[in-house]
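Single-letter residue listing:
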Amino acid sequence: MQFILNATSVAFDGDGQTPLLWVLREHFKLTGTKFGCGAGLCGACTVHVDGQPVRSCVLPVSAIAGQPVTTIEGLSRDRSHPIQKAWMDKDVPQCGYCQSGMVMAAAALLKAHPRPTDAQIDEAMTHLCRCATYHRIREAIHAAASQQ
């Protein structure tokens, strides 16, 4: 099965029912996408498939055949994406475990809504942050929106 991974055509010849998360981490060695709950609830595994945020721990790799997939490693090679810069400027991460999924969701949100309201942020950011930095997450999203 072929798909586009971070703007590069790739192939995976394993079991099509393997969750995309494990294909990314184990086969392609892209470990920025994290395993959290394994049930699609926490959001640590969020990546973009055809520009949309998806929970990769519950998505079989067969579902993405031929589609573009972007991981945190592909969002920006030098952390220059507005969300990544705002995340650092606002000191969002503490433990950092959920952050790649949060960043990917926030990037998709800004693409869909360049100037999101608090309600749109709350609707899009359904991830669990054990450190509870939700107020800084919202600040970072607003800061990134103002930089676009």
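Structure report, in brief. (Residues numbered from 1 in each chain as written. Predicted model: local features only at pLDDT ≥ 70, side-chain atom pairs only at ≥ 80, totals over all residues. Heavy atoms only, no water.)

Examining the pattern of salt bridges
- In the structure shown here, the tally under the stated rule is two salt bridges.
- Taking the shortest distance from any N to any O, the salt bridge between R138 and D122 comes out at 2.3 Å. Taken together, the residues R138 in helix α6 (residues 134–147) and D122 in helix α5 (residues 118–124) connect sequence positions 16 residues apart.
- Judged by relative accessible area, which is 27%, R138 ranks as partly exposed.
- Classification of D122 by relative accessible area gives partly exposed; the value is 46%.
- Beyond isolated ion pairs, a larger network of salt bridges with shared partners links D118, D122 and R138. (Salt bridge = Lys/Arg side-chain N within 4 Å of Asp/Glu carboxyl O. Helix = DSSP H or I, 4+ residues; strand = E, 2+ residues; numbered from the N terminus. Buried < 20%, exposed > 50% of the residue type's maximum accessible area, 1.4 Å probe, protein only.)

Some remarks on the sheet that holds strand β5 (residues 68–70)
- Read across the sheet, five strands follow the order β2-β1-β5-β3-β4 without closing on themselves; strand pairing throughout is mixed. Edge positions in the sheet fall to β2 (8–11) and β4 (52–55), since each of these pairs with one other strand and no more. Sheet twist, expressed as the mean angle between neighbouring strand axes with direction ignored, is 40°.
- Alignment of strand β1 (residues 2–5) against β5, held across two bridges, turns out to be parallel. (Pairing = 2+ DSSP bridges. Axes fitted to C-alpha atoms, helices over the stretch in contact; angles between N-to-C directions.)

Description of the state of the cysteines
- Counted under the stated rule, the structure contains zero disulfides.
- The thiol of C42 is unpaired, and the distance to the nearest cysteine sulfur, on C37, comes to 3.9 Å.
- Looking at the unpaired C98, the closest cysteine sulfur is the one in C129, lying at 3.9 Å. (Disulfide = S-S within 2.5 Å.)

Some remarks on helix α1 (residues 20–27)
- Those residues of α1 lying buried are L20, L21, V23 and L24.
- Tucked inside the fold, the buried residues of α1 contact β1, β3 (46–49) and β5.
- Looking one or two residues past α1, K29 carries a phi angle of roughly 60°, positive in sign. (Contact = heavy atoms within 4.5 Å.)

Considerations on the packing of aromatic side chains
- As enumerated under the stated definition, the model contains two aromatic pairs in all.
- Judged by centre distance (5.9 Å) and plane angle (85°), the ring pair of F3 and F28 falls under edge-to-face. Residue F3 is found in strand β1, and its partner F28 is found in the loop between α1 and β3; the two are separated by 25 residues along the sequence.
- Ring plane angle 35° and centroid distance 5.3 Å describe the contact between W22 and F35, whose orientation is recorded as tilted. Of this pair, W22 sits in helix α1 while F35 is found in the loop between α1 and β3, placing the two residues 13 residues apart along the sequence.
- Among the residues examined, W22 registers a relative accessible area of 31% and is labelled partly exposed. (Phe/Tyr/Trp six-rings, centres within 6.5 Å; stacked < 30°, edge-to-face > 60°.)

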